[in-house]
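# Structural features, examined
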Amino acid sequence: MKLGSFRGVVFQSVLLSVGTLAWAAILITASATVLAQNSGKHAKTVRPDSERVAEASKIFAATCAGCHGLDGRGGERGPNIASRQEVQRRSDGELQRTVRNGISETGMPNFAFLGNAKIEALVSYLRVLQGKSAPEPIPGNSQQGESLFFGRAQCSKCHTLGGKGGFIGPDLTGFAEGLSPREMSHAILNPERESRQNRGSVSVTFVDGRSLDGIVRNEDNFSLQIQSLDGAFHLIQKAEVSEVKPAAKPLMPDDYGKTLSATELDDIVGFLMRTARKESGRAVPKEKHEDD
Ligand code: HEC
Ligand code: HEC
């Protein structure tokens, strides 16, 4: 991708965000009463530590409901994101990215300006609206899964889980929330294909011929912040850059189908599902071994 078009996208999204803010301000006051009813209706599914989620429900009402409806089931300007299976099945990580980056060429603006904490809370609140509750059986032996995750399979080199691990890949603590075992293993075996959006792993070429591979962590009209594989952050002026293109090779190994046995994959899936359920405060069923 040439830098020109990269910039175009940025300008477009900035414009959209500004528009959104303007009408969101109007909505804030109007939505307070409806919210009260709403939180009553969903009280059963709200997490015990729901302060964060309660705050997110206000942000949702002010920022998202204008298009998606207060209950998330769709409005004039945005689709149903509460009861549609397609959306329910997306990982927390994916939904967070959608909210952070928007979906270009559609009416879905980007909300990067909210910051990661609020975006994460918004997605938790979206899960409440989705009323996801039916727990799926967890496959594998999650203790084995844990030692593989932090050991031989090297997942923790790149992924954080419960505050431990690397930062180059997405945090997987709550990733399995709302996913079936099949979807989980699919996500591990096809990390790139599973994603609908460009995850921002890029190869930057500088005017002076140097190059740098990494993930775009931040961007404005004049600069890019890239995190390279070693975890280091690089602030780059766009004026020094000649080209930014999607990385030739995905960062996430795509051969876990070969390097892990089916049992080991189940163990890791089980471990990630168990972790996500603990994280969300839901009851975790007893360890039980079953086939998918
Ligand atoms: C200006 C209208 C508008 C606003 C404001 C808006 N959205 Fe959207 N949103 C859309 C549209 C339109 C789409 C469908 C995009 C497409 O065609 O794929 C969408 C798509 C989405 C999706 C993806 C659904 C899928 O298929 O994966 C999610 C999640 C989402 N919005 C969440 C939010 C959240 C959370 C907020 C508030 C922070 C928000 N939206 C604010 C218009 C909006
Ligand atoms: C060398 C770094 C690296 C290793 C090792 C690695 N990953 Fe990843 N993983 C990534 C990156 C980066 C992404 C984001 C997608 C991309 O750019 O390829 C990702 C994406 C994922 C996703 C999809 C996340 C989402 O939000 O859609 C899952 C699930 C995942 N990894 C699980 C694992 C598991 C389980 C292991 C170990 C068996 C593992 N990864 C090992 C770097 C890594």
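Residues numbered from 1 in each chain as written. Chains lettered and ligands numbered in written order. Predicted model: local features only at pLDDT ≥ 70, side-chain atom pairs only at ≥ 80, totals over all residues.

### Remarks on the overall build of the protein chain
Here is the rule: The way it works is that DSSP assigns letters per residue, a run of H or I at least four long becomes a helix, a run of E at least two long becomes a strand, and they are numbered from the N terminus. Neighbour counting defines burial: a residue surrounded by 20 or more other C-beta atoms within 10 Å of its own C-beta is buried, one with 12 or fewer is exposed, and intermediate counts give partly exposed, using backbone-placed C-beta atoms. We call two residues in contact when the distance between their C-beta atoms, placed using the backbone, is within 7 Å.
For the protein chain, the count of helices and strands is 12 helices and seven strands. The burial tally for the protein chain puts 32% of its 292 residues in the buried class. Excluding contacts between residues fewer than 6 apart, the proportion of contacts in the protein chain whose partners are at least 24 apart in sequence is 66%.

### Thoughts on the site of ligand 1
Our working definition: Here is the check we use: build the C-beta atom from the backbone, and if it is within 6 Å of the molecule or strand, call the residue near. We call Asp, Glu, Lys and Arg charged. Ala, Val, Leu, Ile, Met, Phe, Trp, Tyr, Cys and Pro are nonpolar, and the rest, Gly among them, are polar.
Lining the immediate environment of ligand 1, one finds 24 residues, of which Cys 64, Cys 67, Gly 78, Gly 107 and Met 108 sit closest. Only helix H3 (65-68), helix H4 (85-88), helix H5 (92-101) and helix H6 (116-130) provide two or more residues apiece to the shell around ligand 1. Within the shell around ligand 1, the residues separate by chemical class into 13 nonpolar, eight polar and three charged.

### Concerning the confidence of the model for the protein chain
Under the convention used in this document: You can read pLDDT as the predictor saying how much it trusts each residue, on a scale of 0 to 100.
Averaged over all residues, the pLDDT of the protein chain is 77; the fraction at 70 or higher stands at 73%. Mean pLDDT values over the elements of the protein chain span from 38, in helix H1 (residues 3-41), up to 96, in helix H7 (residues 142-150). Contacts from residues 194-198, a stretch scored under 50 in pLDDT, to residues over four places away or in other chains number seven contacts. Here residues 288-292 is a poorly scored stretch, pLDDT under 50, and it has six contacts once near neighbours within four places are set aside; other chains count.

### A few points about H7
Rules: The directions considered for the arc run from the helix axis to the C-beta atoms.
Buried within H7 are the following residues: Ser 142, Gly 145, Leu 148 and Phe 149. Considered in projection along H7, the buried side chains sweep an arc of 110° and stay on one side of the axis. In this structure, the buried side of H7 is in contact with helix H8 (155-158), strand S1 (160-161) and helix H12 (262-279).

### A short note on the packing of H7 against H12
Keep this limit in mind: Between N-to-C directions, angles span 0 to 180 degrees; the directions come from axes that are lines fitted to C-alpha atoms, helices contributing only their stretch in contact. Here the word oblique covers every angle except those under 35 degrees (roughly parallel), over 145 (roughly antiparallel) and from 65 to 115 (roughly perpendicular).
Between H7 and H12, the shortest axis-to-axis distance is 7 Å and the interhelical angle comes to 95°. The angle between H7 and H12 places the two elements in the roughly perpendicular class. Taken together, the residues of H12 that come into contact with H7 (itself represented by Ser 142, Gln 144, Gly 145, Glu 146, Leu 148 and Phe 149) are Glu 264, Asp 267, Ile 268, Gly 270, Phe 271 and Arg 274. Classifying every residue of the contact of H7 with H12 gives four nonpolar, four polar and four charged.

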